[in-house]
Amino acid sequence: MKKIAVVDTMFARGDMGRVCVETLEENANRNKWEISVIRKTVPGIKDLPVEMLRLLEVGCDAGIVLGMSGAMPVDKTCTHEASTAIQQVELMTRKTVLEVFVHEDEAKDDSELGSIMRNRASKHALNLLWLLFAPHELAKRAGTGERQGKQNAGSVEL
């Protein structure tokens, strides 16, 4: 049994945490992988690292954080600082934390923004399951230019 921490924010304009948990549970059930998901919601993006650290310290094996950055320069700065702190959490605990951030200005309208949020949250949830249970699935995709949130970039010949 793997314990997975999912931490999201109230500031995000869509419930990426719900999409993430649904994807984790659906794919774990389909593949008969035993997981337990602990989900916590914090106010904003800068609150993600400490909550993730708490969950990893009490026994979660890995985690995923989901947040949204506004379009203003101060929002971008806060997002960068949160990202740096999340990397520190990974180093402190030696456990994987996938960062799923969506920037409000990535999309031209709310419909596209919702699509990016759903796509990124679900694909990263699957990536986390592969890291924990089926790393060969990631290796099969090495160098293919797969992206989360938008169309794949494709690969180039080496």
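Coordinates for the structure precede this section.
Owing to the predicted nature of the structure, the values given are computational and were not obtained by experimental measurement. Numbers given to residues run from 1 along each chain, matching the order in which its sequence is written. Where local features are concerned, this predicted model is filtered to residues with pLDDT of at least 70; where side-chain atom pairs are given and counted, the filter is 80 or more; whole-chain, interface and lining totals use all residues. With hydrogens and water stripped out, all remaining heavy atoms of the structure feed into the side-chain values.

Caption draft 1: Molecular detail of the packing of helix 2 (residues 48–57) against helix 3 (residues 73–93). Note on method: axes are straight lines fitted to C-alpha atoms, helices fitted across the in-contact stretch only, with angles between N-to-C directions ranging 0 to 180 degrees. Per the convention used, a helix needs a DSSP run of H or I reaching at least four residues, while a strand needs a run of E reaching at least two, with both numbered from the N terminus. Between helix 2 and helix 3, the least distance of the axes is 8 Å, while the angle of their chain directions is 15 degrees. Classified by the interaxial angle, the pair formed by helix 2 and helix 3 is roughly parallel. Helix 3 is crossed by helix 2, and the crossing has right-handed handedness. The segment helix 2 lies against helix 3, with Leu48, Pro49, Met52, Leu53 and Leu56 engaging Ala82, Ala85, Ile86, Val89, Met92 and Thr93. In terms of residue class, the contact of helix 2 with helix 3 is made up of 10 nonpolar, one polar and no charged. When an angle is under 35 degrees it counts as roughly parallel; over 145 it counts as roughly antiparallel; between 65 and 115 it counts as roughly perpendicular; any other value is oblique. Helix crossings are classified by the rotation of the near helix relative to the far one: an anticlockwise turn of less than a right angle makes the crossing left-handed, while a clockwise turn makes it right-handed. Should any heavy atoms of two residues lie within 4.5 Å, those residues are considered in contact. Three classes are used, and their members are as follows: Ala, Val, Leu, Ile, Met, Phe, Trp, Tyr, Cys and Pro are nonpolar, Asp, Glu, Lys and Arg are charged, and the others, Gly among them, are polar.

Caption draft 2: Quick look at the pattern of salt bridges. Basic side-chain nitrogens of Lys or Arg form a salt bridge, by our definition, when they fall within 4 Å of a carboxyl oxygen of Asp or Glu. Evaluated as defined, the whole model comprises 13 salt bridges. Measuring nitrogen to oxygen at the nearest pair gives 2.5 Å for the salt bridge that ties arginine 39 to aspartate 8. Pair noted here: arginine 39 is in strand 2 (residues 35–42) and aspartate 8 is in strand 1 (residues 2–9), with a separation of 31 residues, a long-range link. For each residue, the accessible area found with a 1.4 Å probe, counting protein chains only, is set against the maximum for its type, and the residue is called buried under 20%, exposed over 50%, and partly exposed in between. Taking relative accessible area as the criterion, aspartate 8 reaches 4% and is therefore assigned buried. One continuous salt-bridge network, built from bridges that share partners, spans Glu137, Lys140, Arg141 and Glu146.

Caption draft 3: The pairing of strand 4 (residues 97–103), seen in detail. Where burial is concerned, most of strand 4 is hidden: five out of the seven residues are buried. Pairing between strand 3 (residues 62–69) and strand 4: seven bridges, direction parallel. Within strand 4, the position partnered with leucine 66 by the bridge is valine 100. A clockwise course of the path from the first strand over the helix to the second, judged with the strands pointing away from the viewer, identifies a crossover as right-handed. Chirality of the crossover, the property in question, places the unit of strand 3, helix 3 and strand 4 among those that are right-handed. Strands pair, by our definition, only if DSSP identifies at least two bridges between them.

Caption draft 4: Main features of the sheet that holds strand 3. Strand order in the open sheet made by the four strands is 2-1-3-4, with parallel pairing throughout. Only two strands of the sheet have a single partner each, and these edge strands are strand 2 and strand 4. Across the sheet, the mean angle from the axis of one strand to that of its neighbour is 15 degrees, orientation sign disregarded. Of the strands in this sheet, strand 1, strand 2, strand 3 and strand 4 touch helix 4 (residues 110–133), which is tilted by about 170 degrees from strand 4.

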